Amino acid sequence: MIELDGMTPDEIIEYIKSFGQGAYRGKQVLDWVVGGTPVEGMTNLSKTMREELSQKAVTNPVRIRQSFKSAIDGTVKFLFELNDLNLIEGVLMSYKYGHTLCLSTQVGCNMGCAFCASTLNGCVRNLTPGEMAGQVLCAASALNGERVKNLVLMGSGEPLDNYDNVVKFLRVITDERGFNMSVRGISLSTCGLVDRMYDFAGEKLPVTLSVSLHAPNDEIRKKLMPIARRYSIDQVLDACRNYIEKTKRRVVMEYALVDGINDSIECADELAGRLRGMQCHVNIIPLNPVPERNLNAPTPARVRAFLERLEKRHISATRRREMGDDIQGACGQLRRSVIECPTTD
Ligand code: SAH
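Summary of the structure given here. These figures come from a predicted structure and were not determined experimentally.

Among the structural elements, asparagine 150 can be located in strand β9 (residues 148–153). Assessed through its relative accessible area of 14%, asparagine 150 is described here as buried. In terms of polar contacts, asparagine 150 uses its side chain to reach the side chain of threonine 100, at 3.5 Å. If near-sequence neighbours (up to four positions away) are discounted, asparagine 150 is found in contact with Tyr97, His99, Thr100, Leu101, Met181 and Gly185.

Written as structure tokens, this is what we have:
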């Protein structure tokens, strides 16, 4: 099936022309796609055209299978179902300044980080651009007319390990004639695939780049992230400097604090030393414990001490607000709980 929501406006118009229709029809279809209407609901197309189109194309290949709303902060966790019945997750967070969707880029993940639930069964497959846009459409459908303003590519998967589809999705979702989302409202998080970070800096898609650093040196990083055996922190930081130079945007360093592993004051000092002079911001995340992993979050006092130490060393840092704690907000937890107990329907 053709996924119309994964196509640029030009591609949609070209495609509709192949049905013997003019550009005007293509623009009508584009409006329906952006509004999330299925082909059957495109009432300004003839019945024959609708039937013909629905044989070949869909406007959104993703369905909301279940959603869970946090009683604490209103965060909604979605379990999405794909056409091959694979499951992925998304999280919709509502802030004063608008709605932010955290979306997935792969079914599972191959990166093997020690603290992450998404990677426990490896990567099943890449998501298509249409499946990424489909998550945005599903979230929008749950918002009663309000817009999804910001996106973070921080759900399951390593975005730069699904490079072509992610870049295509970003072009589609930011196209002014289509979904028209602001590139400034989008963050892409990577575990640090250095070669791809250089490629991405050249794409002219100046989204906020978040880098999962999680350690002040290679020795500690290797304990948490297998990717640290391929690329050193020096290489990752050089790729960040290049991204900052090319896009004029500051990079966000993500640092999940893991009790007894990377949360000491010495670690904070070493991290501050490495980041000195870089245009970056550190996002501190107390580890979200995953039952399958024997890693824990430090005490709140230790988290505070780490943060204060960075600030004292003039590193811009904040603690990420934890949202949706009561609805398995952390990466990959919900999908796993459903895969493990498939009778929860
Ligand atoms: N693969 C990408 C994006 C997905 S993960 C990446 O590695 O950046 C999004 C963020 O959540 C990453 O910083 C990741 O390291 C972090 N994360 C994953 N599991 C976590 C957990 N249990 N607790 C806290 N942060 C976690």
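So, about the site of the ligand. Lining the immediate surroundings of the ligand are 18 residues, of which Phe115, Ser189, Ser212, His214 and Asn288 lie closest. Within the side chain of histidine 214, a nitrogen or oxygen atom sits 2.6 Å from an oxygen atom of the ligand. For the ligand, a nitrogen atom lies 2.8 Å from a polar atom in the backbone of asparagine 288. Within the complex, 95% of the 530 Å² of free accessible area of the ligand lies under protein. Its residues assigned to classes, the shell around the ligand shows nine nonpolar, seven polar and two charged.

Among the nonpolar cores identified, the biggest contains 99 residues, and Leu151, Phe200 and Met253 are the most heavily contacted of them. When residues no more than four places from it in sequence are discounted, the contact partners of methionine 253 are Val211, Leu213, Leu237, Cys240, Leu275, Met278, Cys280, His281, Val282 and Asn283. Within the second largest apolar cluster, five residues are counted, among which are Met93, Cys102, Val152 and Met154.

This next bit is on the sheet that holds strand β10 (residues 186–190). Strand order in the open sheet made by the 10 strands is β3-β4-β5-β6-β9-β10-β11-β12-β13-β14, with mixed pairing throughout. Single-partner strands in this sheet number two, and they are β3 (63–69) and β14 (317–319). Adjacent strand axes in the sheet meet at a mean angle of 25° when their direction is disregarded. Judged from the four bridges that link them, β10 and strand β11 (residues 208–212) form a sheet pairing that is parallel. Directly across from serine 189, in β11, lies its bridge partner serine 210. Those strands touched by helix α4 (residues 129–141) are β3, β4 (76–81), β5 (87–95), β6 (98–102) and β9, and its axis lies near 140° from that of β9.

Calculation criteria
- Residues numbered from 1 in each chain as written.
- Predicted model: local features only at pLDDT ≥ 70, side-chain atom pairs only at ≥ 80, totals over all residues.
- Heavy atoms only, no water.
- Helix = DSSP H or I, 4+ residues; strand = E, 2+ residues; numbered from the N terminus.
- Buried < 20%, exposed > 50% of the residue type's maximum accessible area, 1.4 Å probe, protein only.
- Polar contact = N/O pair within 3.5 Å; in protein donor to acceptor, adjacent residues only side chain to side chain.
- Contact = heavy atoms within 4.5 Å.
- Near = heavy atom within 4 Å.
- Areas by Shrake-Rupley, 256 points an atom, 1.4 Å probe, with all protein chains shown as cover.
- Nonpolar A, V, L, I, M, F, W, Y, C, P; charged D, E, K, R; others polar.
- Core = buried A, V, L, I, M, F, W, Y, C linked by side-chain atoms within 4.5 Å.
- Pairing = 2+ DSSP bridges.
- Axes fitted to C-alpha atoms, helices over the stretch in contact; angles between N-to-C directions.

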